Amino acid sequence: MSGVLILGGAGFIGYHLAERLASDGRRVTLVDDLSRGRLDPELRALCARPGVTLHRADLTRPGALDDLSRQWEQVYLLAAVVGVRNVETDPARVVRVNTLAVLNVLDWLPGRGEVLFFASTSEVYAGGVMAGTVPVPTPEDVPLTVPDVAAPRFAYAASKILGEAAVLHTARARGLRAVIGRFHNVYGPRMGADHVIPELSLRALRREDPFRVYGGDQRRAFCHVADAVDAVTRLTTTEAAWGHVVNIGNDADETRVDDLVRIVLRLAQFEPVIEARPAPAGSVARRCPDLHRLRTLTGFAPKVALDAGVADTFTWYRQWREREGERG
């Protein structure tokens, strides 16, 4: 077979997954339309490595992958429109792009022994967590609910629930090898500026004072991207995991947003006045995965502690800001 195919390979997790696999000596083909992922120095350097190629394609278009090989060991479907801002400003686009991408990929998928990994999200649990009908830490087999189908916030979760159903039922009908990973608060370098840790880091570097903190009493279990990539590669190479939905995250470092802010401000050597603000509408009070299934299937154990991971991320964004001339 001809290596691995990463759909959404210019994005956050896709880039880090590709870097890991290329470092392991794998042949890697990235597919991206670069609507969100950037052809930045990091991606250019990755694509200059032996065995790594980038193919530009729009997965919402039928036949977008017809020019590619039909022989793959693994196919990673990470391409999606994500982020709260995208969901709130254009939920129709979120539903359209995420749904068409997964359906077109499933229509194209050769079914010649490759393993398909589909990236889902902890947002599928949000309705149940908000209603108090599912436990936290949350296992994979709880009912998934969308409390208000008209609310923009739930457009992303709805698109991923549909994607999961499409992958599972198509795999069952065609005898495909597939596994679904529900990512929980993955963070790290090169993830854009609209997620909580980069956003806090950049505001601290700009010396925002007073420093706004939204939902400081909320709790999250953050997972460094290196650990998330480790979990993904374990799942695709573990036959017992195929056909399952599996949480991906780090349940060892659940923390309050207030405490996360203190870590970031300490790294920035900055002591502003804290201005407490309400949490964003639709944001759950607590999010933490139950990782029993992931551990049982793969032996996974997260390695990157929160302090170390945030320091790694903060350093990257400080250097990025200096390189890009970002001044806020």
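See the structure printed just above.
Note that the coordinates shown come from a computational prediction; the quantities given were computed from them, not determined experimentally. (Residues numbered from 1 in each chain as written. Predicted model: local features only at pLDDT ≥ 70, side-chain atom pairs only at ≥ 80, totals over all residues. Heavy atoms only, no water.)

Caption draft 1: Structural detail: the overall build of the chain. When helices and strands are tallied, the chain shows eleven helices and 14 strands. Its C-alpha atoms give the chain a radius of gyration of 19 Å, within 12% of the compact-globule value 20 Å for 328 residues. With respect to the principal axes defined by its C-alpha atoms, the chain has extents near 60 × 45 × 40 Å. Considering only contacts in the chain between residues 6 or more positions apart, those separated by 24 or more positions represent 82%. Of the roughly 14200 Å² of accessible surface on the chain, 50% is carried by carbon and sulfur atoms. Positive and negative side-chain charges of the chain, numbering 41 and 40 respectively, have mean locations separated by a distance of 2 Å. (Helix = DSSP H or I, 4+ residues; strand = E, 2+ residues; numbered from the N terminus. Rg over C-alpha atoms; globule rule 2.2 N^0.38 Å. Contact = heavy atoms within 4.5 Å. Areas by Shrake-Rupley, 256 points an atom, 1.4 Å probe, with all protein chains shown as cover. Lys, Arg positive; Asp, Glu negative; His and termini not counted. Charge placed at Lys NZ, Arg CZ, Asp CG, Glu CD.)

Caption draft 2: Layout of the sheet that holds strand β3 (residues 52-56). Read from one edge to the other, the open sheet built from seven strands follows the order β3-β2-β1-β4-β5-β6-β11, with strand pairing classed as parallel. Looking along the sheet, the strands with just one partner apiece sit at the ends: β3 and β11 (245-248). Looking at each pair of strands side by side, their axes are set apart by 20 degrees on average, direction ignored. As paired strands, strand β4 (residues 74-77) and strand β5 (residues 115-121) are joined by four bridges and run parallel to one another. Each residue of the ladder has a partner; that of Gln 74, found in β5, is Val 115. Where helix α8 (residues 225-236) meets the sheet, its contacts fall on β4, β5, β6 (177-183) and β11, and the angle it forms with β11 comes to roughly 160 degrees. (Pairing = 2+ DSSP bridges. Axes fitted to C-alpha atoms, helices over the stretch in contact; angles between N-to-C directions.)

Caption draft 3: Fine view of the nonpolar core. If you look at the biggest cluster of nonpolar residues, it comprises 60 residues, and the most contacted ones within it are Ile 6, Val 28, Tyr 76, Leu 78, Phe 117 and Phe 183. Counting 26 residues, the second-largest nonpolar core is a separate cluster that includes Val 75, Leu 106, Ala 171 and Val 245. (Core = buried A, V, L, I, M, F, W, Y, C linked by side-chain atoms within 4.5 Å. Buried < 20%, exposed > 50% of the residue type's maximum accessible area, 1.4 Å probe, protein only.)

Caption draft 4: Region of interest: the pattern of salt bridges. Here the structure, examined in full by the defined rule, presents 22 salt bridges. Two residues, Arg 295 and Asp 251, come together in a salt bridge whose shortest N-O distance is 2.8 Å. Residue Arg 295 is found in helix α10 (residues 292-298), and its partner Asp 251 is found in the loop between β11 and β12 (254-256); the two are separated by 44 residues along the sequence. Owing to a relative accessible area of 33%, Arg 295 belongs among the partly exposed residues under this scheme. For Asp 251, a relative accessible area of 25% translates into the label partly exposed. Residue Glu 275 is joined to Arg 277 by a salt bridge in which the shortest nitrogen-to-oxygen separation is 2.6 Å. With relative accessibility at 33%, the residue Arg 277 sits in the partly exposed group. (Salt bridge = Lys/Arg side-chain N within 4 Å of Asp/Glu carboxyl O.)

Function-wise, these values are silent; they only describe arrangement.
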